[in-house]
Amino acid sequence: MENLATLLARIESCRACERDLPNAPRPLLQASPRSRILLAGQAPGARAHESGTPWRDASGDRLREWLGVSESVFYNPDCFAIVPMGFCYPGRGKSGDLPPRAECRALWHPQLMPMLGNVRLVLAIGAYAQAYHLPDRQASLTETVRNWRAYQPACFPLPHPSPRNQSWLKRNPWFAEELLPALRVSVAQRLDT
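These numbers were taken from a predicted model, which means no experiment stands behind them. (Residues numbered from 1 in each chain as written. Predicted model: local features only at pLDDT ≥ 70, side-chain atom pairs only at ≥ 80, totals over all residues. Heavy atoms only, no water.)

1. A look at the packing of helix α1 (residues 4-12) against helix α5 (residues 102-112)
1) Next: For the pair α1 and α5, interaxial distance at closest approach is 11 Å and the crossing angle is 170°. Considered as vectors, α1 and α5 are oriented roughly antiparallel to each other. The residues of α5 that touch α1, namely those facing Leu4, Leu7, Leu8, Arg10 and Ile11, are Trp108, Gln111 and Leu112.
2) Next: A breakdown of the residues in the contact of α1 with α5 according to their chemical character gives six nonpolar, one polar and one charged. (Axes fitted to C-alpha atoms, helices over the stretch in contact; angles between N-to-C directions. Helix = DSSP H or I, 4+ residues; strand = E, 2+ residues; numbered from the N terminus. Parallel < 35°, antiparallel > 145°, perpendicular 65-115°, else oblique. Contact = heavy atoms within 4.5 Å. Nonpolar A, V, L, I, M, F, W, Y, C, P; charged D, E, K, R; others polar.)

2. Side note on the side chain of Asn172
1) Next: By the element assignment, Asn172 lies in the loop between α8 (166-171) and α9 (174-192).
2) Next: A polar contact is formed between the side chain of Asn172 and the backbone oxygen of Trp168, at a distance of 2.8 Å.
3) Next: Beyond its immediate sequence surroundings of up to four residues, Asn172 is in contact with Thr142 and Arg146. (Polar contact = N/O pair within 3.5 Å; in protein donor to acceptor, adjacent residues only side chain to side chain.)

3. Side note on the packing of aromatic side chains
1) Next: Following the criterion strictly, the structure yields seven aromatic pairs and no others.
2) Next: When the ring of Phe74 is compared with that of Phe80, the centres are 5.6 Å apart and the planes differ by 40°; the resulting orientation is tilted.
3) Next: Residue classification places Phe74 among the buried positions, given a relative accessible area of 0%.
4) Next: Each ring, one from Trp168 and one from Phe175, has its centre 5.6 Å from the other, and the planes form 75°; the classification is edge-to-face. Grouping residues by exposure puts Trp168 and Phe175 together as buried.
5) Next: Grouped by ring-pair contacts, the aromatic residues Trp66, Trp168, Trp174 and Phe175 constitute a single cluster. (Phe/Tyr/Trp six-rings, centres within 6.5 Å; stacked < 30°, edge-to-face > 60°. Buried < 20%, exposed > 50% of the residue type's maximum accessible area, 1.4 Å probe, protein only.)

4. Quick word on the layout of surface pockets
1) Next: Empty space within the largest pocket amounts to approximately 920 Å³.
2) Next: Looking at the largest pocket, it is lined by 34 residues, and the ones nearest its centre are Ser59, Asp97, His160, Ser162 and Arg164.
3) Next: For the lining of the largest pocket, the class distribution of residues is 18 nonpolar, 11 polar and five charged. (1 Å grid on protein atoms, 1.4 Å probe; cavity = no way out; pocket = protein on both sides within 12 Å on 5 of 7 lines; lining within 4 Å. Points joined across faces, edges and corners; volume = space filled by probe spheres on them.)

5. Some thoughts on the pattern of salt bridges
1) Next: Per the counting criterion, the structure on display carries eight salt bridges.
2) Next: Asp20 serves as the salt-bridge partner of Arg101, at 3.2 Å between the closest nitrogen and oxygen. One end of the pair, Arg101, is in the loop between β4 (96-97) and α5; the other, Asp20, is in the loop between α1 and β1 (37-40), with 81 residues separating them in the sequence.
3) Next: Classification of Arg101 by relative accessible area gives partly exposed; the value is 25%.
4) Next: Under the relative-accessibility criterion, Asp20 is labelled partly exposed at 40%.
5) Next: The salt bridge involving Asp61 is made with Arg64; its shortest N-O contact spans 2.8 Å. Taken together, the positions of Asp61 and Arg64, both in helix α3 (residues 58-67) and three residues apart, correspond to about one turn of that helix. (Salt bridge = Lys/Arg side-chain N within 4 Å of Asp/Glu carboxyl O.)

6. As for α9
1) Next: For α9, built from 19 residues, the straight-helix expectation of 27 Å at 1.5 Å per residue is met to within 8% by its first-to-last C-alpha distance of 27 Å.
2) Next: Along α9, the largest kink reaches about 30° and is centred on Leu180; proline Pro181 follows within four residues of it.
3) Next: Those residues of α9 that fall on the buried side of the exposure criterion are Trp174, Phe175, Leu179, Leu180, Leu183, Ser186, Val187, Arg190 and Leu191. (Expected span 1.5 Å × (residues − 1). Bend = angle between axes of the 7 residues up to and from the residue.)

7. Notes on the side chain of His109
1) Next: Summarising the element assignment, His109 is placed in helix α5.
2) Next: Once residues within four sequence positions are removed from consideration, His109 is found in contact with Val83, Pro84, Met85, Phe87, Cys104, Pro114 and Tyr132.

Written as structure tokens, this is what we have:
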């Protein structure tokens, strides 16, 4: 059976959707057999693609603030596995980044997820990650996130931390008041074990 390091190397050299990407493929993820928390987002953004580091942008800054962790903890694969639904930047559409390419999830997730047996908490960020990790999710992202307690203790559904979501955060003050404090406690507990 293949080990995780070999699988990650194969993923990082993947070219399955090369013809459909705006840039050369640059799969971005991190994982370790000891990863305790799984960060499941949509796909890397343009800045992350340029830097070669997932969540290396304003969204990542906000996400680390939400989680109450430093960059060094966030980028420690023994703490966080970063496994988005699509590993490469999919390009830009009319109202933001395009959806993640379906090839990644279909090709790699069935092989990768079983190797992350130490994960004790899944952070499902955005509708695509919630559709994959929460088959019993609500009809909308807002309702899924609003019902976050239903997915405890294994998962927190989250909106995307993009600055573009500022109006969503203003319309849903319960997110900062109720969910974020519980999220920080849960993250701290998983990292302390």
